[in-house]
Amino acid sequence: MNDLWNDIGGSFNPVSATDYLPADQLRVLQLQRLKATVRRAYDKVEVHRKRMDERSVKPQDIASLEDIKKLPFTLKTDLRDTYPFGLFAGSIGDVVRLHASSGTTGKPIVVAYTAEDVQVWSSVMARTFAACGCGSRDIIQNAYGYGLFTGGLGAHYGAEALGATVIPISGGNTDRQIMVMKDFGVTAVSCTPSYFIHMIERAGELGVDMKALPIKAGVFGAEPWSEAMRKHIESMANIKAYDIYGLSEIIGPGVASECADQSGLHIFEDHFYPEIVDPETGEPLADGEEGELVLTTLSKKAMPMIRYRTRDITRIIPGQCACGRTIRKIQRIGRRADDMFIIRGVNVFPSQVEEALLAIKGVMPHYQIILTREKGLDRMEVEVEVTAEVFSDEIRVMEKLRAELSGAIEHTLGIRVSVRLVEPHTIERSMGKAKRIIDKREI
Ligand code: DLL
């Protein structure tokens, strides 16, 4: 069994043997790792131990993969409630990296990695790039954001582990992106699909013909996109556009990736165990049925995750892939079970916007978020009702309030937002769930 562990420490094989492992061997490996993960979570994380005790489940009760169903779920709110380090297993001395992502309120969720976790992450991201047709001879322009967001550093380490040449350009400064792309002979680009569309448009304005550049692959993810968007990108830039998926709570990018067949995303099942459940009841669903993706980490040390409810809706695609990989595939993620949306790669919950708005006097709890896309760039406008007194005030007062509100939202989300103040009762009232988001972007 030892050689199966070769992507954790030891010698590194970019296109890991585990992508092609016979299913029965993969299941053996998964069970062995699941048992160790559950043991670690139980022994070292109070929340997991308490939940398991409440259900009278002990680590030794996990005797088969089926037994995973006995384990309690972990939710995004658990990360919020234990902010910042409550789900860490073991000592901070073993943690070499922290990242963060949006929570449902003002505070982010924080995730941790040991040196071994970073190695696993590099390995699954190297497998991702390899699945997207990249190798050591490629020059990869990594335009995912570097920083607390997992996209930049996750893709960076993976591309380096593959032996490729990485350009750590991060997001933004589109003119410079295009110059670098052209001058450095870039052969693959990694970024959000919407940002790549923006690059295509800007290149056109600058008189650069993307189709004539040597780029052959786009490694796109971090937000939902469609087959129509893929076709658009592929024809406008003459590349193959691949979908990659991941989330901070599990590792970051590197959870699943498309292959040359572009018919679903292979989950790196040797590290992340997938289940599909009914998003309402949490009841497990069979392979092929659409529901919420639930992931359990199988090798994470700093922050093991047990049955994490991703809120992402997908299905496991039954059957063998034409590429020969034996690890299972999920369908591309088109929607979520909650109201989170992603704008310029940043996850946003309406509750964060609401919290920022309502902290300011004169604002009513009636608002709507309008999302549009101009030249490939997402725009967010918040329409909010203000009290009759404020609305009848001088323009100067209104303008001050407007600036204060957009500043407050920007402070919470880290992205620029335009705010429009409207009279009381302008925003349509709903009989049921308030419609907070109007998404006019074509995806
Ligand atoms: O977005 C990690 C990532 C970075 C993935 C770069 C791919 C590339 P978070 O910021 O924690 O992590 O956001 C995770 O983004 O639960 C999905 O809702 C959404 N998401 C990520 N990839 C895709 C995708 C990164 N390919 C959340 N399609 C997830 C649709 C995606 N949604």
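Residues numbered from 1 in each chain as written. Predicted model: local features only at pLDDT ≥ 70, side-chain atom pairs only at ≥ 80, totals over all residues. Heavy atoms only, no water.

Points about the packing of aromatic side chains
Right, so step 1: Taken as a whole and judged by the stated rule, the model has 4 aromatic pairs.
Right, so step 2: On the numbers, 4.8 Å between centres and 20° between planes, the contact of Phe-85 with Phe-88 is stacked.
Right, so step 3: For Phe-85, a relative accessible area of 39% puts it in the partly exposed group.
Right, so step 4: On the basis of relative accessible area, Phe-88 is assigned to the buried category, the value being 8%.
Right, so step 5: Here the aromatic cluster, defined as three or more aromatic residues joined through ring pairs, consists of Phe-196, Phe-220 and Trp-225.
Right, so step 6: A cation over a ring is seen here: Arg-97 above Tyr-157, with NZ or CZ 4.8 Å from the ring centre.
Right, so step 7: We note Lys-300 situated over the ring of Tyr-113; from NZ or CZ to the ring centre the distance is 5.6 Å. (Phe/Tyr/Trp six-rings, centres within 6.5 Å; stacked < 30°, edge-to-face > 60°. Buried < 20%, exposed > 50% of the residue type's maximum accessible area, 1.4 Å probe, protein only. Lys NZ or Arg CZ within 6 Å of the ring centre and 35° of its normal.)

Details of the nonpolar core
Side chains that are nonpolar tend, in soluble globular proteins, to be buried together.
Right, so step 1: Phe-129, Tyr-245, Ile-250, Val-255, Phe-272, Leu-295 and Ile-330 are the most contacted members of the largest nonpolar core, which totals 57 residues.
Right, so step 2: Per-element accounting of this core gives the leading share, 8 residues, to helix α4 (residues 115-131).
Right, so step 3: Residues within four places of Val-255 in sequence aside, it is in contact with Tyr-245, Gly-246, Leu-247, Ile-250, His-266, Ile-267, Phe-268, Phe-272 and Leu-295. (Core = buried A, V, L, I, M, F, W, Y, C linked by side-chain atoms within 4.5 Å. Helix = DSSP H or I, 4+ residues; strand = E, 2+ residues; numbered from the N terminus. Contact = heavy atoms within 4.5 Å.)

Thoughts on the pattern of salt bridges
Right, so step 1: For the structure on display, the rule yields 39 salt bridges.
Right, so step 2: Arg-420 is the partner of Glu-383 in a salt bridge, and the nearest nitrogen-oxygen pair spans 2.7 Å. Of the two residues, Glu-383 is situated in strand β19 (residues 377-386) and Arg-420 in strand β20 (residues 418-422); the sequence distance between them amounts to 37 residues.
Right, so step 3: Put simply, Arg-429 and Glu-385 hold a salt bridge, and the shortest N to O gap is 2.8 Å. A residue pair is termed long-range when its members are at least 10 positions apart, and Arg-429 in the loop between β20 and β21 (437-439) and Glu-385 in strand β19 qualify at 44 residues. (Salt bridge = Lys/Arg side-chain N within 4 Å of Asp/Glu carboxyl O.)

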